[in-house]
Amino acid sequence: MTAAADSELVGRLETADQLQRKAVEVAAAARPADAVKLLLQALRTLPVISERLDVVTMRTRVLLTLALAEAETGAVGDGLIHLGTARDLVIGLPESPQRTALLGRAENQHAIVLLRTGHTSAALDRFDQAILLLEEVMDTEAADPEMLARTIMNRGLAYISIGKPGPAEADMHRCIALAGKHGWERLNAKAQSNLGDIAQLVGDVPGALAYYEQAERAFRRIAPGLVPRTQIDRARALLAAGVAEEAARYLDDALPELREHRISQDLAEAELSRAAAALLQGDYTVAKTLAESARRKFVKRESGSWAEVAALTKMRAEASVALSTPGGRVPRAKAAALADRLDAVGLTDEAAMATMLTVRFDVRAGAVDHAESLLEQVPPPRKIAPIDHKMLLRLCRAEVAVARGEGRRALAQAKAGFDELGAARDRMGGLDLVCGTAVHGIELGRLAVGLVLDGARTDGDARRLLAWQERTRAQVYRYEPLPTIDDPALASVVAELRTVLRTLQQARLERRPVTHLEQRSTALQREVNRLGWSTSRWGKPRPVSSPAEIIERLGDRALISFAAPDADLAAVIVAGGRTRLVRLGAKDPVLETARQLHADLDALAPDELIAPLVTAVSQSARRRLHALDDMLFGPDGIPSELLADRELVVVPVGGLYSVPWESLPSLHGRAVSVAPSATAWVSAEEVAPADGPVVLVRGPDLPTSATELDQLREVYPDAIVLEGEQATTDAVLSAMDGAKLVHIAAHGTHEATNAMFSRLELHDGGLLAHEVARLRRPPAHIVLAACELALSHIRPGDEPLGFAGAMLASGSRTVVAAVNRVGHRSAALTMTDYHRRLANKPVADLAVDLAVDLADAMTDYHRRVASGISPARALAEATAADPLRRPFILLGAG
């Protein structure tokens, strides 16, 4: 070769090397289609035939990179052809460290393609061989420590996919050590993300989310194209915790970018996860559509096992429709065939799930013998099996037992299932994660409560029903919160969110454009959620209260615990040491009347409502009140002799959480405490009296008539008073910590879509439920003189959560708040009338001063508390005169 030709070849090698390195960077940034273009250009730059070692080496490197890039875009067949060509080139080289290193690289690339197409066992064999080859040359000039680290990490991924967390974690830590030593940030971040997968595998969802958060921060800085992959992983962790809405949002963000860059495997996985989110949300049409789309993509990629997993998700959606539709056709044969296919590709957990769907179809069809025979073939779930797999197995066993008429055996399965669900919940961080896990127990809980309710005939049966209600409802309220860990990053995001929310509110009032502020608010709320999820687990579980404990705690009080597992509503009444069951008929009319009443009371709240509207709406609201009262406490409802004149503890269900109970004619003037469960009420009762200060807070922009703080100073002369510029969120949170009693007069906002962002408006912005829920020593007694803050967002599994609920869950004993909008001037006359009557002042004097409002009612409430009257009694007396304008309830123990 002439010198000129040699120089030209060197130049071509340098060009190919630059193109190959650029392609690696582009592929690592999740742009495989662009990488393919660069690699094909590199191949065209190189001679087609050459015996020179440097040319063969470069051509091999380009082909190996091209093989993986082609596979990532869906052209798996082309990728395997390039792998074969590259391997043939390497084998033709003479023995040398360079040849060994190239063979190691080839084995790694081939293993990755096998892994991505679901051939995990074969992939592991090739990873092992690749690591041996790369380790063999580590002390030579052919050493490639980065390739070794990547191969070790990839083997760890293979271990994750077959459920072996121990070896996977060892490989990830070894990779991180190598990456740290050499300063490979991207590789380090990938391994951190993989540690998240391992944490998720063993049920540590908060740990998984913390790893994903750490990885995503790095990717946003050094490789933005990899962020969608992390969003998929985070969504899967959230789905494991039952938080389907947030998971869906992350996936909806990731999908457009994945489609743009034609990342077929990740795109298909994202669609599959989004289908799973839709399944949890009950949107079965979307679930089927996305699962089928993902299945087709996997088939195109020749990812047979992934395609069958997608088929299983579609089958689960079809099963949900069929099993919830009377007379619906069940695709039993289709499910059985799918179970066989999943088993054939080595997906034993997924095959078991398909078999369990077949069992449910058999039970529905009356083929109980065959169902039981199939169920015996389902292997016991592994320790690391997903909680939804475990709960489905318990549900199948319970349904077969019910079909056999063996109720006791069915309830034993339900109890074991809720024990397993509780163990998963106990590891969660943040109230919304703890709350979300309930979704996995919905069907099993309905079966258990419905079974006991259907067979209830005696007082003993009613007691059993109460026990099952407590086992299956409002689990978020049976935790003793653990001390929080200060997080400066979370505090910074909350501070910015507070500013944005206030600016957004002002912009709406001034009718300015708000789109950019709404988008920023949404992004910040998600950031707050994300940071909160990865904190320490929420709390230490308390045992569920037994009926005997509940009866003992009640003393002279009575408990009404509503149940509605199916179409009918029932109530367990505990009073005078006895437990009774009352069947109340169809639940839908009751819930609809409660919804209409809530709408009427909201409509009646504005102060400026004209007299004809006041009359019309009041008449409508009274009709709703009497109708609801008749359904619950009328001739066919709860007998008055059961309740006598006892103080009440009410445990609602679903839409009954929005009822202002003391407004009902039968409960008019009666002391009522509302609780998410009897266990939550018992826990609140056990809160020790606080010896801290009384704190009085007044927020901004209240009408001049809201003067209760001036009057409350007389009731609590030693109180800490925060108003004006002093009433900042930091100051209020600091004062609340350890307080005996806190009264906050402020505008309030209930966020129905995400109740943890409900807030009280203070001088520097909104005080979020998110913040008060993690106080180290929550106030024993808190009064929220603001609209709607006793409302809860009812999560799947009848798990209520809102601002007042967050206070109760965090350890407060008593929370007083409104379940509706509350006016000011419209409530003034009735509140003043009531207050002066209690003070024995002549009613005629009311004409002297009409410039009072809701403040008088709250002032009187505090005076009754200070004088030794129980909070529930004080609130009952403070709200008795006008049931339509004072929709306050007491949440917790009164």
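Keep in mind it's a predicted model, so treat the numbers as computed, not measured.

### As for the environment of Ser673
Next, step 1: For Ser673, the location among the structural elements is in strand 7 (residues 672-674).
Next, step 2: Between the alpha carbons of Ser673 and Arg873 there is a distance of 9.5 Å; along the sequence they are 200 residues apart.
Next, step 3: Ignoring sequence-local partners within four residues, the contact set of Ser673 consists of Leu648, Val649, Val650, Trp681, Ala872, Leu890, Gly892, Ala893 and Gly894.

### Section: the packing of helix 7 (residues 145-161) against helix 9 (residues 185-201)
Next, step 1: Between helix 7 and helix 9, the least distance of the axes is 10 Å, while the angle of their chain directions is 15 degrees. Our classification of the angle between helix 7 and helix 9 gives roughly parallel. Relative to helix 9, helix 7 is oriented so that their crossing is left-handed. The residues of helix 9 that touch helix 7, namely those facing Glu146, Ala149, Arg150, Met153, Leu157 and Ile160, are Leu187, Lys190, Ala191, Asn194, Asp197, Ile198 and Leu201.
Next, step 2: Its residues assigned to classes, the contact of helix 7 with helix 9 comprises eight nonpolar, one polar and four charged.

### What to know about the nonpolar core
Next, step 1: Ranked by size, the top nonpolar core spans 170 residues in total, and within it Phe562, Ile638, Trp661, Met736 and Ile744 carry the most contacts.
Next, step 2: Each residue touching Met736, except ones within four places of it in the same chain, is listed here: Val742, Ile744, Leu767, Val772, Leu775, Arg777, Pro778, Pro779, Ile782 and Met807.
Next, step 3: With 56 residues, the next largest nonpolar core counts Ala71, Ala111, Leu178 and Ile198 among its residues.

### Here we look at the packing of aromatic side chains
Next, step 1: In the structure shown here, the tally under the stated rule is two aromatic pairs.
Next, step 2: Arranged with centres 5.2 Å apart and planes meeting at 20 degrees, the rings of Phe298 and Trp306 form a pair that is stacked.
Next, step 3: Residue Trp306 is classed as partly exposed on the basis of its relative accessible area, which comes to 21%.
Next, step 4: Relative to Trp661, the ring of Phe562 lies with its centre 5.7 Å away and its plane at 20 degrees, an arrangement referred to as stacked. In this pair, Phe562 sits in strand 3 (residues 558-563) while Trp661 sits in the loop between strand 6 (648-651) and strand 7, placing the two residues 99 residues apart along the sequence. The exposure classification of Phe562 matches that of Trp661, with both residues buried.
Next, step 5: The positively charged end of Arg234 is found above the aromatic ring belonging to Tyr250, 5.0 Å away from the centroid.
Next, step 6: Across from the ring centre of Trp468, 4.4 Å away, lies the NZ or CZ of Arg471, which sits over that ring.

### Structural notes on the pairing of strand 12 (residues 759-762)
Next, step 1: Where burial is concerned, the two faces of strand 12 agree: the one with Arg759 and Glu761 and the one with Leu760 and Leu762 are both buried.
Next, step 2: In terms of strand pairing, strand 11 (residues 748-749) meets strand 12 through two bridges, oriented antiparallel. Across the sheet, residue Thr749 finds its bridge partner in strand 12, namely Arg759.
Next, step 3: By the bridge criterion, four bridges tie strand 12 to strand 13 (residues 765-768) in an arrangement that is antiparallel. Counterpart to Leu760 in the pairing with strand 13 is Leu767.
Next, step 4: Connecting the antiparallel pair strand 12 and strand 13 is a turn made up of two residues.

### Focus: empty space enclosed by the protein
Next, step 1: According to the stated counting rule, one finds five cavities of 30 Å³ or more in the structure shown.
Next, step 2: Of the volumes computed, that of the largest cavity is approximately 70 Å³.
Next, step 3: The wall of the largest cavity is formed by Tyr477, Tyr479, Arg542, Ala680, Ser683, Ala684, Val687, Leu808, Ala809, Gly811 and Ser812.
Next, step 4: Those elements giving two or more residues to the lining of the largest cavity turn out to be helix 30 (678-685) and helix 34 (803-809).
Next, step 5: The greatest single-element share of the lining of the largest cavity, amounting to three residues, is contributed by helix 30.
Next, step 6: Of the residues that constitute the lining of the largest cavity, the class distribution is seven nonpolar, three polar and one charged.

### A short note on the sheet that holds strand 11
Next, step 1: Reading across the sheet, the three strands line up as 11-12-13 and stay open at both edges, with antiparallel pairing between neighbours. Lying at the two open borders of the sheet, with one neighbouring strand each, are strand 11 and strand 13.
Next, step 2: Contacts from helix 24 (residues 488-509) reach strand 12 and strand 13 within the one sheet, and its direction differs from that of strand 13 by about 125 degrees.
Next, step 3: Seen against the sheet, helix 32 (residues 729-736) touches strand 12 and strand 13 and runs at an angle of roughly 30 degrees to strand 13.

Calculation notes
- Residues numbered from 1 in each chain as written.
- Predicted model: local features only at pLDDT ≥ 70, side-chain atom pairs only at ≥ 80, totals over all residues.
- Heavy atoms only, no water.
- Helix = DSSP H or I, 4+ residues; strand = E, 2+ residues; numbered from the N terminus.
- Contact = heavy atoms within 4.5 Å.
- Axes fitted to C-alpha atoms, helices over the stretch in contact; angles between N-to-C directions.
- Parallel < 35°, antiparallel > 145°, perpendicular 65-115°, else oblique.
- Left-handed = near helix turned anticlockwise from the far one by under 90°.
- Nonpolar A, V, L, I, M, F, W, Y, C, P; charged D, E, K, R; others polar.
- Core = buried A, V, L, I, M, F, W, Y, C linked by side-chain atoms within 4.5 Å.
- Buried < 20%, exposed > 50% of the residue type's maximum accessible area, 1.4 Å probe, protein only.
- Phe/Tyr/Trp six-rings, centres within 6.5 Å; stacked < 30°, edge-to-face > 60°.
- Lys NZ or Arg CZ within 6 Å of the ring centre and 35° of its normal.
- Pairing = 2+ DSSP bridges.
- 1 Å grid on protein atoms, 1.4 Å probe; cavity = no way out; pocket = protein on both sides within 12 Å on 5 of 7 lines; lining within 4 Å.
- Points joined across faces, edges and corners; volume = space filled by probe spheres on them.

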